[in-house]
Amino acid sequence: MILKLKFLLLLGASTIFNHVAAQDGKSLFNLQKGDWFVMRADVDLTPEYNRRLHQVNKDTRQKSIYWLRFTLQQTATNGHQIYGIQLIRYRHEMAATQQTRPFPKSGYDSFYPLYEQGKTSLDTLPTYLLELTPDGTIQLQRDGAPHTTQLGQTGKITDFGTKVRIITETFRDDMLALLVNLMTIPQGKEAAKTFHLPDETEVTARIQDSRQQGAFLKEDIGFTEDIQCHLFRLIDSRVPSLIKTSSGLNLVMVAASFDIPGNATIKGNIKHHTVATPIATPYKFSGTEHRVLTPQTMGEGGSFEESVHLETATSLFFLYGDQALTIFLSPGDTLTLTTDARDMADTYAFAGNAAQNSELAQRIGELLMEQSGWGSGKLSTVMRQKDTDAFHAFIQEENRKAQQLFENYLDNASPDAINYYRREWAFALATSKLQFLSTVHYKSHQDAQVPFSDFPKDFFTDIDTMEASSGDANTIIRPDYHTWLVQYYQARIGVAPIWDDDFLRVFPFIIATSSGHTQYKTLHTFLKRAISGSDWHTNQRIKPYYEDFMKNCQDSAMTNNLKREWAWNEQWEPGISASLLALPLLDGSSVELSRYKGKPLCLIVSEFFVPTELAAYAAFIKDKTNSDVQFVIAQIRQQPDVPSVLHDSLFQGIPNVELLELAHHPKDIGPIGTSGYSSKWFVLDPWLRVVAGNLQPTYRRTNDVVPTMQTISYPGTNSYPVKLEELLDKARKAHRFTKAQTAEFRKIAGWTFVSILLTTLVIGVTNRRRTQALKKREAMKHRIQQLEIKALRSQMNPHFIFNALNSIQSLITENRFRDANIYLAEFASLLRGVLNNSEKPGVSLSDELEAVEHYCRLEQLRFDFTYRIHVPDDVSPELIEIPSMIIQPLVENSIVHGFAQKRRKACLTIAIEHTNCGLTVTVADNGTGLPVEGQVYRQGNGMGLKLVEERVRNFNNTEKNTNLTLQNRIENGKIGGATATITLMMD
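Analysis parameters
Residues numbered from 1 in each chain as written. Predicted model: local features only at pLDDT ≥ 70, side-chain atom pairs only at ≥ 80, totals over all residues. Heavy atoms only, no water. Helix = DSSP H or I, 4+ residues; strand = E, 2+ residues; numbered from the N terminus. Buried < 20%, exposed > 50% of the residue type's maximum accessible area, 1.4 Å probe, protein only. Areas by Shrake-Rupley, 256 points an atom, 1.4 Å probe, with all protein chains shown as cover. Salt bridge = Lys/Arg side-chain N within 4 Å of Asp/Glu carboxyl O. Phe/Tyr/Trp six-rings, centres within 6.5 Å; stacked < 30°, edge-to-face > 60°. Lys NZ or Arg CZ within 6 Å of the ring centre and 35° of its normal. Pairing = 2+ DSSP bridges. Axes fitted to C-alpha atoms, helices over the stretch in contact; angles between N-to-C directions. pLDDT = per-residue confidence, 0-100. Contact = heavy atoms within 4.5 Å. Core = buried A, V, L, I, M, F, W, Y, C linked by side-chain atoms within 4.5 Å. Patch = residues over 30% accessible without salt bridge, like charges linked within 9 Å, V, L, I, M, F, W, Y side chains within 5 Å. Lys, Arg positive; Asp, Glu negative; His and termini not counted. Parallel < 35°, antiparallel > 145°, perpendicular 65-115°, else oblique. Nonpolar A, V, L, I, M, F, W, Y, C, P; charged D, E, K, R; others polar. Expected span 1.5 Å × (residues − 1). Polar contact = N/O pair within 3.5 Å; in protein donor to acceptor, adjacent residues only side chain to side chain.

## Details of the overall build of the protein chain
Part 1: Along the backbone of the protein chain there are 23 helices and 40 strands.
Part 2: When the 987 residues of the protein chain are sorted by exposure, 49% land in the buried category.
Part 3: When the accessible surface of the protein chain is totalled, it reaches about 47,800 Å², and 51% of it is carbon and sulfur.

## Some words on unusual backbone geometry
What you tend to see is this: most non-glycine residues have negative phi, and most peptide bonds are trans.
Part 1: If you check the backbone angles, Lys386 has positive phi at about 55° while not being a glycine.
Part 2: Here Lys386 shows up in the loop between α6 (378-385) and α7 (388-408).
Part 3: With a phi close to 70°, Phe452 is a non-glycine residue in the positive phi region.
Part 4: Tracing the backbone shows Phe452 in the loop between α8 (415-439) and α9 (461-464).
Part 5: Look at Phe452 and you get buried, because its relative accessible area is 16%.

## Let's talk about the pattern of salt bridges
Part 1: Here the structure, examined in full by the defined rule, presents 20 salt bridges.
Part 2: Linking Glu658 and Arg595 is a salt bridge whose minimum nitrogen-to-oxygen distance equals 3.7 Å. One end of the pair, Glu658, is in strand β28 (residues 657-663); the other, Arg595, is in the loop between β25 (590-592) and β26 (601-606), with 63 residues separating them in the sequence.
Part 3: Among the charged side chains, a salt-bridge network with shared partners connects Arg40, Asp42 and Glu311.

## Structural notes on the packing of aromatic side chains
Part 1: Counted by the stated rule, this structure contains 31 aromatic pairs.
Part 2: Look at Tyr112 and Tyr520: their rings are 5.6 Å apart centre to centre, the planes differ by 50°, and that puts the pair in the tilted class. Taken as a pair, Tyr112 in the loop between β4 (105-109) and β5 (127-132) and Tyr520 in helix α12 (residues 516-532) lie far apart in primary sequence, 408 residues in all. Summarising the burial analysis for this pair, Tyr112 and Tyr520 share the class buried.
Part 3: Through pairs of rings, three or more aromatic residues link up here, namely Phe391, Phe436, Tyr442, Phe452, Phe455, Phe459, Phe460, Tyr488 and Tyr489.
Part 4: Over the ring of Trp36 we find Arg69; its NZ or CZ atom is 4.1 Å from the centre of that ring.
Part 5: The ring of Phe459 is capped by Lys433, whose NZ or CZ atom sits 4.9 Å from the centre of that ring.

## A closer look at the sheet that holds strand β19 (residues 303-308)
Neighbouring strands of a sheet are bound in pairs by backbone hydrogen bonds; such pairs are parallel or else antiparallel.
Part 1: Reading across from one edge, β19-β15-β22-β23 is the order of the four strands in this open sheet, with mixed pairing throughout. Two strands bound the open sheet, and with one partner strand each, they are β19 and β23 (349-352). For this sheet the average axis-to-axis angle between neighbouring strands, irrespective of direction, equals 20°.
Part 2: As paired elements, strand β22 (residues 334-340) and β23 share four bridges and run antiparallel to each other. Its bridge partner being in β23, Leu335 is matched across the sheet by Gly352.

## Brief notes about the confidence of the model for the protein chain
Part 1: Here the protein chain averages 76 in pLDDT, while 73% of its residues score no lower than 70.
Part 2: Confidence drops under a pLDDT of 50 for residues 49-56, and excluding neighbours within four residues, the segment shows 24 contacts in the predicted structure.
Part 3: In the predicted structure, residues 699-721 sits below a pLDDT of 50 and forms 44 contacts with residues beyond four places in sequence or in another chain.

## As for the nonpolar core
Part 1: Formed by 46 residues in total, the largest nonpolar core has its most connected members in Leu845, Ile882, Ile887, Val891, Ile895 and Leu908.
Part 2: Setting aside residues up to four positions removed in sequence, Leu908 forms contacts with Cys856, Phe865, Thr866, Tyr867, Arg868, Val891, Ser894, Ile895, Phe899, Val923, Ala924 and Asp925.
Part 3: Residues Leu360, Ala402, Leu405 and Ala430 belong to the second largest nonpolar core, which totals 44 residues.

## Observations concerning a nonpolar patch on the surface
Part 1: Judged by side-chain polarity, Trp751, Phe753, Val754, Leu757, Leu758 and Leu761 come together as a nonpolar surface patch covering roughly 650 Å² of accessible area.
Part 2: Residue placement: Leu758 occurs in helix α19 (residues 739-813).

## Things to note about the sheet that holds strand β27 (residues 630-637)
Part 1: Overall, mixed pairing links the five strands, which are arranged β28-β27-β26-β29-β30 in an open sheet. Where the open sheet ends on each side, the last strands, each with one partner, are β28 and β30 (690-695). Put simply, the sheet's adjacent strands are angled 15° from each other on average, direction ignored.

## A few points about the side chain of Lys218
Part 1: Tracing the sequence through the fold places Lys218 in strand β11 (residues 216-222).
Part 2: Look at Lys218: it is buried, it has no salt bridge, and the nearest opposite charge is Asp220 at 4.1 Å.
Part 3: Residue contacts for Lys218: discarding those within four places in its chain leaves Asp209, Ser210, Arg211, Gln213, His230, Leu231 and Phe232.

## Here we look at the pairing of strand β36 (residues 906-915)
Part 1: Here strand β34 (residues 865-870) runs beside β36; their pairing, made up of six bridges, is parallel. Its bridge partner lying in β36, Tyr867 is registered against Leu908.
Part 2: Pairing geometry for β36 and strand β37 (residues 918-925), over eight bridges, is antiparallel. Note that in β37 the partner of Thr909 across the bridge is Ala924.
Part 3: Here β36 folds back onto β37 in antiparallel fashion, the turn holding two residues.

## Some thoughts on the pairing of strand β29 (residues 679-684)
Part 1: β29 sits mainly inside the fold: six of its six residues count as buried.
Part 2: Looking at chain direction, β26 and β29 are connected through six bridges and run antiparallel. Bridging across to β29, Ile604 finds its partner in Trp681.
Part 3: Relative to β30, β29 is paired through four bridges, and the arrangement is antiparallel. Bridged to Phe682 within β30 is Gly693.

## A word on the environment of Leu830
Part 1: Relative to the elements of secondary structure, Leu830 occurs in helix α20 (residues 817-837).
Part 2: Residue classification places Leu830 among the buried positions, given a relative accessible area of 3%.
Part 3: Put simply, Leu830 and Tyr855 are 25 residues apart on the chain and 7.1 Å apart in space, counted from C-alpha to C-alpha.

## Let's talk about the packing of helix α10 (residues 480-492) against helix α11 (residues 503-513)
Part 1: The interhelical angle for the contact between α10 and α11, taken along N-to-C directions, is 90°, at an axis separation of 10 Å. On the basis of the axis angle, α10 is roughly perpendicular to α11. Residues Val486, Tyr489 and Gln490 of α10 pack against Arg505, Val506, Phe509, Ile510 and Thr513 of α11.
Part 2: Here the residues of the contact of α10 with α11 sort into five nonpolar, two polar and one charged.

## Focus on the environment of Ala825
Part 1: The residue Ala825 is located in helix α20 in this model.
Part 2: For the pair formed by Ala825 and Leu858, sequence separation is 33 residues and the distance between their alpha carbons is 9.2 Å.

## Digging into helix α15 (residues 556-570)
Part 1: Along its 15 residues, α15 runs 20 Å from first to last C-alpha, staying within 8% of the 21 Å computed at 1.5 Å per residue.
Part 2: Here α15 has its buried residues at Met558, Thr559, Asn561, Leu562, Glu565, Trp566, Trp568 and Asn569.
Part 3: With a side-chain oxygen positioned 3.1 Å from the backbone nitrogen of Ala557, the residue opening α15 is Asp555.

## Things to note about α7
Part 1: An ideal rise of 1.5 Å per residue puts 30 Å on 21 residues; α7 measures up with 30 Å between its terminal C-alpha atoms.
Part 2: A distance of 3.0 Å separates the backbone nitrogen of Asp389 from a side-chain oxygen at the start of α7, and that oxygen is part of Asp387.

Structure, rendered in structure tokens:
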């Protein structure tokens, strides 16, 4: 596998990229960072050239298929492009070439690996980094190990005869080298390139034609007489969309981040066209939906042309009105159809390169319709007879016709078409036999005692020789095939077939009897049936199997389908509020479920109600014990020919039932969707909470080993395990709040109360600690302030004493002994008061003014001045507390500095005033004034004034320097003294 992986990686990279590089030597594609595309590469190892290269046995047919995703990660400044390459899928098939049937066949598909239980994650496939240079060099790196290969560099574009030796030092695959160098041929008709293959074979490739075809540039390249190549390149992005070779190697773009045009075309003319715009409708063949192609617009005279994008060769239905033709197209095909609208099946004619394939498709489709076991097919008549010999004869005749048809088209139709329809025919034969065996209970006739005895020779060969990993997503297989196959294997070993689709009992048989796509498809069929047809409790048992499937299967079509079904079923978990809020009606409106709130609700849904079923429901609803329940019977209308339940007279006059027709919109009705004849019950309590949902009436069994008939058990009988009455009683007894909700509420309330209590305690403790901390900080701050004030007072008192002693000394020096004695007596009286107040944080204003008055009388012994103290009536000096010795320095400053040189009429005024800011003390003099005229002096230079300012600031608890103001008094344009003002903040 790794060898072929390397082969395809370089093939996918080189075949796709190098041709553009050869053209312009610049960036390879017109892509932006983050753009991506996925290429599918089919390598058919059957042709002789490939068989020789790969040493494949001539009696086996082998084919490898790779899906590679290329993502442009960046474009360097030098023009190099870095692509990330991811192998997203790999498949290898092997089969014998001599058999007329494409079985037995073996192989491997990474989408469907060996099934493992308990798997923890999906398998991962390798990723690569690819660096492309303008000169054709390719560097491929995986797991940190680079591999560089020079892939056939071309000479100048005009040098058509350049010989290039292929260098394959790492990859010695001739097919890879052949196609890589083929794609590096310069663009232009007759351009050529000569190759030397590793086996020394010299080959010349030449572009024979290059032309625009729709959205593609088509290039026809001749390589040898036996090998030709057709390349379809998107014109806008220059990315190859399709590469087809006659050597068995083809590439096709299957997905991209940009638009991909259709790569196959059907055109032609429909005579007597009457339908203006045909509309495609789902067309079911044997229970399986086919891909359909419908002309969307019709030209004059019934002409049309439609394109379709195909990943691989496949069968399609061409629909026109209510008529259909089966066609077969491959990527790159063109089919021309002419027919008559009045009877397409008898008047069709095909032309083009897909004509023979489509003729085979239509012919084999007619046989498949005859061989169908349902509807009006001939086989259905034989089935009802339950005659083994008649059935076997019919099957043999039909098989003879089909094999003759394959033989007739063997030389005209493509191998892809022959193998496709051989496989589909083989599955159809096996399915018909499985259906017949289940009908006759695996007995050849009614009197047979032992199952599987007395059947015609080789009757079971078509079933037993089916490939173990049969089919793929492109094979038409009836869904019932997987169910009948499991039941067949169970019956073969003597186990009673499981008719109730119990997944847990079916699972071991699926794992033991199949593999690959068939195994996964069967598991998917039974899982989907179990999930969609069971209630929430039942599905919890299969949840581990569902998770195992999701971790094994890499087919997103299967996994996404199961994810959707599982998500829908999860919405019916008992006790939760219903997520389905409205029912979409057929007329486009909707019915809100909230209109039924207040009483138990029973919703019964089906696509098709049989009359006996409706009668049973009507009788059940009319029972007076159910009058308190609102019933809604809803029919999902998918097919217009199904009788409507709205006009059923059985429910007329019943007030508690409502009949609805629902539109089939999977997105809207997914949670209640049904299939076929199955009904489903959904019971909600008065508050629209789920009591039970997604319940299907079970089947009645008989005493036989195998049930003779699948009979639905209707309400009112005792043949089903869960009675509807029990569910309705449970809905009636539901409380406003369920036990779980009550317990949850109590839990939430308890936790909320505890949380509030703890929060309150935490907040209380935190606030208490914060308050205590604030009080401690405030107390500490106050203590610091007191200490600071005390320290300032301790500085103030020595300063005052020093000045007073200087005054006494001055009097003694002047021989004024009597004045000195008087001064000393006054000083002693003043000092006694100062010392008494030194330990107090504050003194009354009256005490402070008394001290100031003592000081003024002392200074009058030295200087000739008068003083006046003014206290207004609204100020009570005895009740106001201020810092001690706060006014004296201001008075001292006026006397000593203002009156020192003024010999007469000196006057000092001390005024107390109550203002909005507090208490204002003003000391004014008519002395010499301040040194500078008009100066506002806020900070004194003397020690006394600095101490006063600091004490006032501490008292006011402010950092502002506006508590002490000194300024000159201006009178008649001259300095008439100075004024000192302090403001003390008061409460």
